[in-house]
Amino acid sequence: MTDAAEEPLVAVALAGKPRGIKGELVANLLTDYPERFADRKRLLALHPDGRRETLTVESHWFQGNRVVLKFAGYDTPEQAKLLSGCELAIPEAECGRLDDPDEFYDWQLVGCCVETLAGVRLGTVRELLRTGGVELLVVTPEGERKADYLIPFARAICTEVDLEQKVIKVDPPDGLLDL
């Protein structure tokens, strides 16, 4: 069944290869909260051609840092393969609230304008890069600069995040913006 609604979605997994003979599918997790799959009965498949398809989750289990999913109506490896490469998403409205006001979902930061405390606009957040340490905001610059800014997403540097205005104020240490 195709979901005609154009509600904003958040990807939680990327469908990979079929697994086994019963139509299971292995997916790479794109969420920091995999435990939320336990209560999830519906996912939306975002096909590469732009179609949205509502999927009913029959079962799931974890295999290392991946999730194995079984969807209703996908009962063979050949059927499951039709979902390979799809992003598996949930409606943005169904994302749980984060407990800490200083925590944000990656998708909330993407598209935010980044500016210094003095009001100099640096650019727009393209993605949040996870390095194993402090995450980095990848900021597409405005003006003549060609290279992206890589700004540590740390409280000491990113002093204010206003999601309503889509603005992140930064107080970069000397030399950071020259890299």
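Considering the nonpolar core
Step number 1: With 23 residues, the main nonpolar core has F37, L43, L55, L69, F71, L83 and L88 as its most contacted residues.
Step number 2: The set of elements that each furnish at least two residues to this core consists of β1 (9-19), β2 (24-29), β3 (42-46), β4 (52-63), β5 (66-71) and β6 (87-91).
Step number 3: Looking at this core element by element, the count peaks at four residues for β1.
Step number 4: With near-sequence residues (within four places) excluded, L55 lies in contact with K41, R42, L43, A45, F71, Y74, L83 and L88.
Step number 5: Membership of the second largest hydrophobic core comes to 17 residues, among which are L122, Y149, I157 and L177.

Details of unusual backbone geometry
Step number 1: Despite not being glycine, K166 has its phi angle at roughly 60°, a positive value.
Step number 2: With respect to the secondary-structure elements, K166 resides in the loop between β11 (158-162) and β12 (167-170).

Comments concerning the environment of L176
Step number 1: Along the chain, the position of L176 falls in the segment after β12.
Step number 2: The buried category is assigned to L176, whose relative accessible area is 14%.
Step number 3: Distance in space between the C-alpha atoms of L176 and E94 is 37 Å, their sequence separation being 82 residues.

A look at the pairing of β1
Step number 1: Of the strand pairs in this sheet, β1 and β6 are connected by five bridges, and their pairing is antiparallel. Residue pairing in the sheet places L9 in a bridge with P91 of β6.
Step number 2: Direction of pairing for β1 relative to β2: antiparallel, over a ladder of five bridges. Each bridged residue has a counterpart across the sheet, and for R19 the counterpart in β2 is E24.
Step number 3: The antiparallel pairing of β1 with β2 creates a hairpin that spans four residues between the two strands, and G20 there sits at a positive phi of about 75°.

Describing the pattern of salt bridges
Step number 1: Scanning the model with the defined rule gives twelve salt bridges in all.
Step number 2: Its salt-bridge partner being R126, residue E127 comes within 3.7 Å of it at the nearest N-O pair.
Step number 3: Assessed through its relative accessible area of 41%, R126 is described here as partly exposed.
Step number 4: One salt-bridge network, held together by shared partners, links R40, R42 and E94.

A word on the environment of L109
Step number 1: Relative to the elements of secondary structure, L109 occurs in helix α2 (residues 106-109).
Step number 2: Exposure remark for L109: the relative accessible area of 0% places this residue in the buried category.
Step number 3: On a C-alpha basis, the gap between L109 and V138 in space is 10 Å, while along the polypeptide they are 29 residues apart.
Step number 4: For L109, the residues in contact, after removing those within four places along its chain, are F104, V125, L128, L137, F153, V161, L163 and I168.

Focus on the packing of aromatic side chains
Step number 1: Overall, the coordinates contain four aromatic pairs when judged by the stated rule.
Step number 2: Taking 6.4 Å as the distance between ring centres and 80° as the angle between the ring planes, the aromatic pair formed by F37 and F62 counts as edge-to-face. Here F62 lies in strand β4 and F37 lies in the loop between β2 and β3, a separation of 25 residues in the sequence.
Step number 3: Here the aromatic rings of F104 and F153 are separated by 6.1 Å at their centres, their planes lie at 65°, and the arrangement is edge-to-face. With F104 in the loop between β6 and α2 and F153 in the loop between β10 (149-152) and β11, this pair connects stretches of sequence that are 49 residues apart.
Step number 4: For F153, a relative accessible area of 18% puts it in the buried group.
Step number 5: Ring pairs connect the aromatic residues Y33, Y105 and W107, which therefore count as one cluster.
Step number 6: The cationic tip of R36 hangs over the ring face of Y33; the distance from NZ or CZ to the ring centre is 4.3 Å.
Step number 7: The side chain of R145 reaches across the aromatic face of Y149, ending 4.0 Å from its centre.

What counts and what doesn't
- Residues numbered from 1 in each chain as written.
- Predicted model: local features only at pLDDT ≥ 70, side-chain atom pairs only at ≥ 80, totals over all residues.
- Heavy atoms only, no water.
- Core = buried A, V, L, I, M, F, W, Y, C linked by side-chain atoms within 4.5 Å.
- Buried < 20%, exposed > 50% of the residue type's maximum accessible area, 1.4 Å probe, protein only.
- Helix = DSSP H or I, 4+ residues; strand = E, 2+ residues; numbered from the N terminus.
- Contact = heavy atoms within 4.5 Å.
- Pairing = 2+ DSSP bridges.
- Salt bridge = Lys/Arg side-chain N within 4 Å of Asp/Glu carboxyl O.
- Phe/Tyr/Trp six-rings, centres within 6.5 Å; stacked < 30°, edge-to-face > 60°.
- Lys NZ or Arg CZ within 6 Å of the ring centre and 35° of its normal.

Treat this as a map of the structure, not an account of what it does.
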